[in-house]
Amino acid sequence: MDLQECRKELDGIDRQLTELFERRMEICGQVAQTKIASGKAVYDGEREKQKLDAVEAMAHGEFNQTGVRELFSQIMTISRRYQYRLLAEHGRGVDLGFEKIPTLKMKDVRVVYQGVEGAYSHGAALQFFGEDANVYHVERFQDAMKEVSEGRADYAVLPIENSSAGAVVDMYDLLTGFNNYIVAETFLPVNHALLGLPDAELSDIRTVYSHPQALMQSSRFLNAQEGWRQVSCLNTAVAACKVIEDRDKSQAAVASEIAGKLYGLKVLKSSIQNNQGNTTRFVILANRPIYREGASRISLCFELPHQSGTLYNMLGNFIFNHVNMVMIESRPIPGRNWEYRFFVDIEGNLEDSAIANALKGISAEALNMRILGNY
Ligand SMILES: O=C(O)C(=O)C[C@]1(C(=O)O)C=C[C@@H](O)C=C1
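These figures come from a predicted structure and were not determined experimentally. (Residues numbered from 1 in each chain as written. Predicted model: local features only at pLDDT ≥ 70, side-chain atom pairs only at ≥ 80, totals over all residues. Heavy atoms only, no water.)

Q: Can you explain the site of the ligand? Please cite residues and give values.
A: Looking at the ligand, there are 13 residues lining it, with R24, K35, D44, E48 and S79 nearest. Between the ligand and E48, the relevant distance is 2.5 Å, taken from an oxygen atom to a side-chain nitrogen or oxygen of the residue. One of the side-chain N or O atoms of S79 is found 2.8 Å from an oxygen atom in the ligand. Contact with the protein chains covers 90% of the free accessible surface of the ligand, which is 360 Å². When residues of the shell around the ligand are traced back to their parent elements, those giving at least two are helix 1 (3–38), helix 2 (45–58) and helix 3 (61–89). Broken down by class, the residue content of the shell around the ligand amounts to five nonpolar, two polar and six charged. (Near = heavy atom within 4 Å. Polar contact = N/O pair within 3.5 Å; in protein donor to acceptor, adjacent residues only side chain to side chain. Areas by Shrake-Rupley, 256 points an atom, 1.4 Å probe, with all protein chains shown as cover. Helix = DSSP H or I, 4+ residues; strand = E, 2+ residues; numbered from the N terminus. Nonpolar A, V, L, I, M, F, W, Y, C, P; charged D, E, K, R; others polar.)

Q: Lay out the UniProt feature "domain: Prephenate dehydratase" (unreviewed entry) in the protein chain in plain terms, naming residues and giving numbers.
A: Under the present numbering, the feature "domain: Prephenate dehydratase" (unreviewed entry) in UniProt falls on residues 110–287. Its end C-alpha atoms 13 Å apart, residues 110–287 is made of 32% helix and 33% strand. (UniProt positions renumbered as here; feature names shortened; annotations may be inferred.)

Q: An account of the confidence of the model for the protein chain is needed here, citing residue identities and associated values.
A: The pLDDT averaged across the protein chain works out to 93; a share of 99% of its residues lies at or above 70. What the predictor reports for the complex is a pTM of 0.79 with an ipTM of 0.98. (pLDDT = per-residue confidence, 0-100.)

Q: Which residues make up the packing of aromatic side chains, and what are the values?
A: Summed over the entire model, instances satisfying the criterion amount to seven aromatic pairs. Measuring from centroid to centroid gives 6.4 Å for F98 and Y291, while their planes differ by 55°, and the two rings are tilted. Highlighted residues: F98 in the loop between helix 3 and strand 1 (99–101) and Y291 in strand 13 (residues 290–292), separated in sequence by 193 residues. Comparing F98 with Y291 shows no difference in burial state: the two are buried. (Phe/Tyr/Trp six-rings, centres within 6.5 Å; stacked < 30°, edge-to-face > 60°. Buried < 20%, exposed > 50% of the residue type's maximum accessible area, 1.4 Å probe, protein only.)

Structure follows, in C-alpha cells:
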C-alpha cells in the first residue's frame, strides 16, 4: 500500500471508530439514566479496572496492550464527563455548600495578619481594607488562621505566592488544616526602601539590617555600595526598629516604606529591589464558605495516590469541561509517603455548569476534594 492507500484505509477505520464511539456514548447516556433513577455513583473504579484488564487481554503485544489500556481509560473518562453533565441537568449536581453574597463586608471588621507592624502583610491588609481598617497581628501563619476560624477576626490576610520566589508552601499546608475559605486576593508590589534616621544621609551609611530575603532581593544596590556591612534580622520591621533604637546615623534598614512611616525613619532610597516588578499575592480568608457575585477564580485541593495517570485523569475533568487551569502546586501528604495533595486554581464561578461538572467529577474520583474558595 502506498501513502494514499494507507490513508484511505485509515479514513474508513476512523469512520467506524467514530460511529462506534457515538453508539457507545449513547449507551452511556442510558447508563446515566439508570444512575439518575437509582442514585448510584457515576464512577465505578472496580468496573473500570475490569474493563481495562479485559481490553488489554484482547490486544496483542505489549505496545498495543498498553495502547488500548490508555485508549479505554480515556474513553471511560469521556463517558463519565458526559454522565456528570446529564446528572447535573437532572438536578443531581453537587451541592458545593457555598453561599453567594453581593459584596464582602468591609466596614467594622477585624483583620489579622502575620508578622509585625510595618511588615508587607500589614501593607497588604491596609491596601485591601483601607488605611483606617481595624487590623492586628499575630506571630505565626497558623495563629492568624486560628483567629479567623475561632471567630476573633473576621478576616486574615496572608501571603500565598511571590512573583519571583514562587509559592509560600507553609500556607498550602495550613489551608487544609483549617476550615477557612479564600474570599478575595490582593497583589502587593514588594518595594524595598533603604531607611535611615531622620538626620542621616546616604553617605553616612555603613551597616544595613534586614531579613535575609530582603537583603538578597536588594543585592544589586547593596553590593554596589563600597564597605557596607549587611546584617540579617528576624524580619524587615525588626530591622527598622533596631535603627531607630540604636540612634546611630551609620545604620540603615531595608524594609517597606510603610515600616519607615511607622517607625519614624527617612527614606534614603526607594525601590532598591533587583526586580522592579516583584509582587506578592495575598489571600483574604474568612471562616464561612462564601463567594462574591462575579467571582472568577476558584482554588481547590484534592489528594491522589502516587500512580501513573492519576493526575492526568483528574485534569481531564477540566479539559472536557473547557475549564482553564491557571495554577497547580503539589505538597506531600504528612504521614503518607509518596502520596500528594494537589492545589489547583481554575478560572470560573461556582454557578457555572461547566465548573460544577468538573468539580463533581473530581470530588467523585479524587480523595478529599475541598473547594478552598471562589473569589
Ligand atoms: O458501567 C458503568 O457504570 C458506567 O458508567 C460506564 C463506564 C464506561 O464508560 O464503561 C463509565 C464510568 C464508570 O466508572 C464505569 C464504566
